[in-house]
Amino acid sequence: LPTNEKNIEKLQEGHFQTIAKCISYVENEMEESASFLEQLKANIKTKCIGITGAPGAGKSTLVNALLQKITDKNQKVAVLSVDPSSPFNFGALLGDRIRMADFYLHPNVYIRSLASRGALGGLHPRMVEIVEVLKASWFDYVIIETVGVGQSEVDVAGIADTTVVVVVPEGGDEVQTLKAGVMEIADVFVVNKADRPTAATFVKNLGALSHSKANAIWEIPVLKTIASQQVGVDELLLAIDAHHEISIHNMDRKQWMLAEKVWKILQANVMQAYSKSQVLQLVKQGLQNGEENAYILVKNFLNK
Ligand SMILES: Nc1nc2c(ncn2[C@@H]2O[C@H](COP(=O)(O)OP(=O)(O)OP(=O)(O)O)[C@@H](O)[C@H]2O)c(=O)[nH]1
Ligand SMILES: [Mg+2]
């Protein structure tokens, strides 16, 4: 069992097989895993980075370039990428495998792809726990790559210490085409595919927008990268490190992140009491009795 002392020791030492075993455990055994997770102590040096952005923006290519920089410094990194079980993401896994192929066998790189398990555009339902496992290990960085559709990018901002939003200079200089809410979750903006001619204006306009929203603690930097040529990646890593340094001393943020985490765990705990099949049964009975009002069905269910 992963809960035994020897196992936790091996996890802390970065033993890959143990890490894999522990992740599978929290992925599948939600009831028993709480006592395991209670024993873990997060490594304070580990920086958790969320990388989000539209399909094809170059996230995996960028992660690949970051892996190069991080391993060059002899540091250790884990990557979590979401499996293409969502229709938005079709074929991405094969692409990621190819793009990160150089690092699959690297002793300082742990890569794991996770099925999104039907949560459309959402993160893996046990993402919080999986990150917890990795943070208890020996990594300098934990990188989560997520496709910026649906709920996943908001969710990732609640888990990652630093959220990097990757955009491409499409639609020319039209910064207005940015998805609503993106400004709120980004800690760092990356304008990738800066080899495109419209990139410079796009960067300038996005920079002005982020400057206008800056607070006393942090101004969201807007960085230019050409991920496929590893251009601008050193600057990105510096920005990530700088943001992490500030965010760990930001008590408001710390409280907010922890509250977010506690909320998710509470939610999962409460929902454990209910199953979809139970709900379906309730609906069947309701319909038999001519009851179609969902609120009344819920009330009857809770009062049972
Ligand atoms: N011109 C150019 N192409 C790039 C750049 N970065 C990545 N690409 C290409 O863009 C395509 C998509 O890159 P990915 O890294 O797979 O993008 P992604 O955001 O991970 O895509 P999904 O995971 O499917 O959402 C690939 O063909 C890359 O080679 C860049 O800076 N310039
Ligand atoms: Mg990808």
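Predicted model only: the values in this text are computed from it and were never measured.

> What is the right way to read the overall build of the protein chain from this model?
Check the secondary structure of the protein chain and you find 13 helices and seven strands. Taking all 304 residues of the protein chain together, the buried fraction comes to 48%. Counting contacts in the protein chain only where the partners sit at least 6 residues apart, residues at least 24 apart contribute 78% of the total.

> Would you mind showing me how to read the coordination of the magnesium ion (ligand 2) here?
Perfect tetrahedral coordination of a metal by four donors corresponds to 109.5 degrees between them, and perfect octahedral coordination by six donors corresponds to 90 or 180 degrees. For the magnesium ion (ligand 2), the full set of protein donor atoms is Ser 60 (OG) and Glu 145 (OE), and the range of their distances to it is 2.1 to 2.2 Å. With Ser 60 in helix α4 (residues 59-72) and Glu 145 in strand β4 (residues 141-147), this pair connects stretches of sequence that are 85 residues apart. Side by side, Ser 60 and Glu 145 carry an identical accessibility label, which is buried.

> What is the right way to look at the confidence of the model for the protein chain in this model?
Should the pLDDT be low somewhere, the predicted coordinates at that spot are not to be read in detail. Within the protein chain, residue pLDDT values average 85, and 86% of them lie at 70 or more. In this model residues 85-92 is a low-confidence stretch, pLDDT under 50, and it forms 17 contacts with partners more than four residues away in sequence or in other chains.

> Please explain the layout of surface pockets as it appears in this structure.
To find the voids left in a structure, one rolls a probe of water-molecule size over its atoms. Of the volumes computed, that of the largest pocket is approximately 600 Å³. Residue lining of the largest pocket: 20 residues in total, with Ala 42, Lys 135, Asp 161, Lys 254 and Lys 261 positioned closest to the centre. For the lining of the largest pocket, the elements supplying multiple residues, two or more each, are α6 (127-135), α10 (233-247) and α11 (251-271). Here the lining of the largest pocket is composed, by residue class, of nine nonpolar, four polar and seven charged.

> Whenever I open this one, the pattern of salt bridges confuses me. Can you help?
If charged atoms from side chains of opposite charge come close, those side chains can pair. Under the defined criterion, the tally for this structure stands at eight salt bridges. The salt bridge involving Lys 45 is made with Asp 140; its shortest N-O contact spans 3.7 Å. Of this pair, Lys 45 sits in the loop between α3 (33-38) and β1 (47-53) while Asp 140 sits in the loop between α6 and β4, and the two are 95 residues apart along the sequence. Using a relative accessible area of 38% as the deciding quantity, one classes Lys 45 as partly exposed. On the accessibility criterion, Asp 140 (11% relative accessible area) is buried. Here Lys 47 makes a salt bridge to Asp 241, at a shortest N to O gap of 3.3 Å.

> I'm lost on the sheet that holds strand β3 (residues 109-114) in this one. Help?
What holds strands together in a sheet is hydrogen bonding between their backbones, with the strands either parallel or antiparallel. Sheet architecture is open: seven strands sit in the order β3-β2-β4-β1-β5-β6-β7, paired in parallel fashion. A strand with exactly one partner marks an edge of an open sheet, and here the two such strands are β3 and β7 (222-224). Neighbour to neighbour, the strand axes of the sheet diverge by 20° on average, direction disregarded. Where strand β2 (residues 77-82) and β3 come together, six bridges link them in parallel fashion. The residue bridging Val 77 from the neighbouring strand is Val 109, located in β3.

> Could you clarify how one ought to interpret a nonpolar patch on the surface in this entry?
A contiguous nonpolar patch, built from Val 270, Met 271, Tyr 274, Val 298 and Leu 302 and spanning about 460 Å² of accessible area, is present on the exposed surface. Of all elements in the fold, only α11 and α13 (294-303) reach the threshold of two or more residues within the nonpolar patch. Tracing the sequence through the fold places Tyr 274 in the loop between α11 and α12 (276-288). Take Tyr 274: its relative accessible area is 33%, and that puts it in the partly exposed class.

> So what exactly am I meant to see when it comes to the environment of Met 183 here?
Its place among the elements puts Met 183 in helix α8 (residues 182-185). Separated by 26 residues in the primary sequence, Met 183 and Leu 209 have C-alpha atoms spaced 9.1 Å apart. Those residues in contact with Met 183 that sit more than four places away from it in its chain are Phe 189, Leu 209, Ser 210, Lys 213 and Ile 220.

How each quantity is defined
- Residues numbered from 1 in each chain as written.
- Chains lettered and ligands numbered in written order.
- Predicted model: local features only at pLDDT ≥ 70, side-chain atom pairs only at ≥ 80, totals over all residues.
- Heavy atoms only, no water.
- Helix = DSSP H or I, 4+ residues; strand = E, 2+ residues; numbered from the N terminus.
- Buried < 20%, exposed > 50% of the residue type's maximum accessible area, 1.4 Å probe, protein only.
- Contact = heavy atoms within 4.5 Å.
- Donors = N, O, S within 2.8 Å, 3.2 Å for Na, K, Ca; no water.
- pLDDT = per-residue confidence, 0-100.
- 1 Å grid on protein atoms, 1.4 Å probe; cavity = no way out; pocket = protein on both sides within 12 Å on 5 of 7 lines; lining within 4 Å.
- Points joined across faces, edges and corners; volume = space filled by probe spheres on them.
- Nonpolar A, V, L, I, M, F, W, Y, C, P; charged D, E, K, R; others polar.
- Salt bridge = Lys/Arg side-chain N within 4 Å of Asp/Glu carboxyl O.
- Pairing = 2+ DSSP bridges.
- Axes fitted to C-alpha atoms, helices over the stretch in contact; angles between N-to-C directions.
- Patch = residues over 30% accessible without salt bridge, like charges linked within 9 Å, V, L, I, M, F, W, Y side chains within 5 Å.
- Areas by Shrake-Rupley, 256 points an atom, 1.4 Å probe, with all protein chains shown as cover.

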